[in-house]
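So you can see what is in the structure, the chains are spelled out below.
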Amino acid sequence: MNTQSANLKTLHCPCGNSKQYSDCCGRYLDQGEVAVTAEHLMRSRYTAYTLNREDYLLATWHHSTRPTSLGLASQPPNQWSGLTVKRHEQSAPDRAIVEFVARYKINGRAHRLHEISRFVREDESWFYVDGDIP
Ligand SMILES: [Zn+2]
């Protein structure tokens, strides 16, 4: 466990749930549990961005669209300030979309990312495929 996630032990999870990190996304990021829904995976990936956990982001990215690197280690982390999940639709046992708004700051200026992400499930694990900006 890195120091950033250790510091989160007593706080609410970055994904916006009222649970502690260790009972929410930490189960996936630190304990290797498999997310049972695409929404759980999406929330854990948002949390991974807040912690610069590139290893987790790449591991949960579908092999067909996965970049070789995100370069997060060489960048100052974005200041992520919140996540709202607007929609989760599972159209088939192995296909789902999650629509969300993520808020962050760059140099003190607020930005928002609104995306409809596609997920597929393979061998019981959900993977992020790609997303559209509506
Ligand atoms: Zn969480």
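Everything that follows concerns the structure shown earlier in this document.
Given the structure is predicted, the values throughout are model-derived calculations rather than measurements.

Counting its secondary structure elements, the protein chain contains four helices and four strands. Starting at the N terminus, the α and β elements of the protein chain follow one another as α-α-α-α-β-β-β-β. Relative to the compact-globule value of 14 Å for 134 residues, the protein chain shows a C-alpha radius of gyration of 14 Å, a close match. Taken along its principal axes, the extent of the C-alpha atoms in the protein chain is 40 × 30 × 30 Å. Expressed as a percentage of its 134 residues, the buried residues of the protein chain come to 28%. Nonlocal contacts in the protein chain, meaning residues at least 24 apart in sequence, comprise 40% of its contacts between residues at least 6 apart.

With 25 residues, the main nonpolar core has Cys25, Ala38 and Phe119 as its most contacted residues. Of all the secondary-structure elements, those providing two or more residues to this core are helix H2 (26–29), helix H3 (38–50), strand E2 (95–106) and strand E4 (125–132). Broken down by element, this core gets its largest block of residues, six residues, from H3. Residue contacts for alanine 38: discarding those within four places in its chain leaves His88, Gln90, Ala96, Val98, Phe119 and Trp126.

What follows deals with the sheet that holds E2. Overall, antiparallel pairing links the four strands, which are arranged E1-E2-E3-E4 in an open sheet. Because the sheet does not close on itself, it has two edges, and the strands there are strand E1 (79–92) and E4. Direction aside, neighbouring strands of the sheet carry axes that sit 25° apart on average. Examined bridge by bridge, strand E3 (residues 109–122) and E4 share seven bridges and lie antiparallel to one another. Bridge pairing in E4 links arginine 118 to aspartate 130. Its contacts with the sheet put H3 on E1, E2, E3 and E4, and the angle it makes with E1 is roughly 160°.

This next bit is on the environment of leucine 57. Take leucine 57: it is sitting in helix H4 (residues 54–59). Judged by local crowding, leucine 57 falls into the buried class, with 20 C-beta atoms found within 10 Å. Leucine 57 sits 71 residues away from tyrosine 128 along the chain, and the two C-alpha atoms are 8.9 Å apart. In contact with leucine 57, other than residues within four places in its own chain, are Arg45, Ala48, Tyr49 and Leu70.

So, on to H3. Across its 13 residues, H3 extends 19 Å between first and last C-alpha, which sits within 8% of the 18 Å expected from 1.5 Å per residue. Of all 13 residues that make up H3, 13 are buried, and the element is covered over most of its length.

Rules behind the numbers
- Residues numbered from 1 in each chain as written.
- Predicted model: local features only at pLDDT ≥ 70, side-chain atom pairs only at ≥ 80, totals over all residues.
- Helix = DSSP H or I, 4+ residues; strand = E, 2+ residues; numbered from the N terminus.
- Rg over C-alpha atoms; globule rule 2.2 N^0.38 Å.
- Buried ≥ 20, exposed ≤ 12 C-beta atoms within 10 Å, placed from the backbone.
- Contact = placed C-beta atoms within 7 Å.
- Core = buried A, V, L, I, M, F, W, Y, C linked by C-beta atoms within 7 Å.
- Pairing = 2+ DSSP bridges.
- Axes fitted to C-alpha atoms, helices over the stretch in contact; angles between N-to-C directions.
- Expected span 1.5 Å × (residues − 1).

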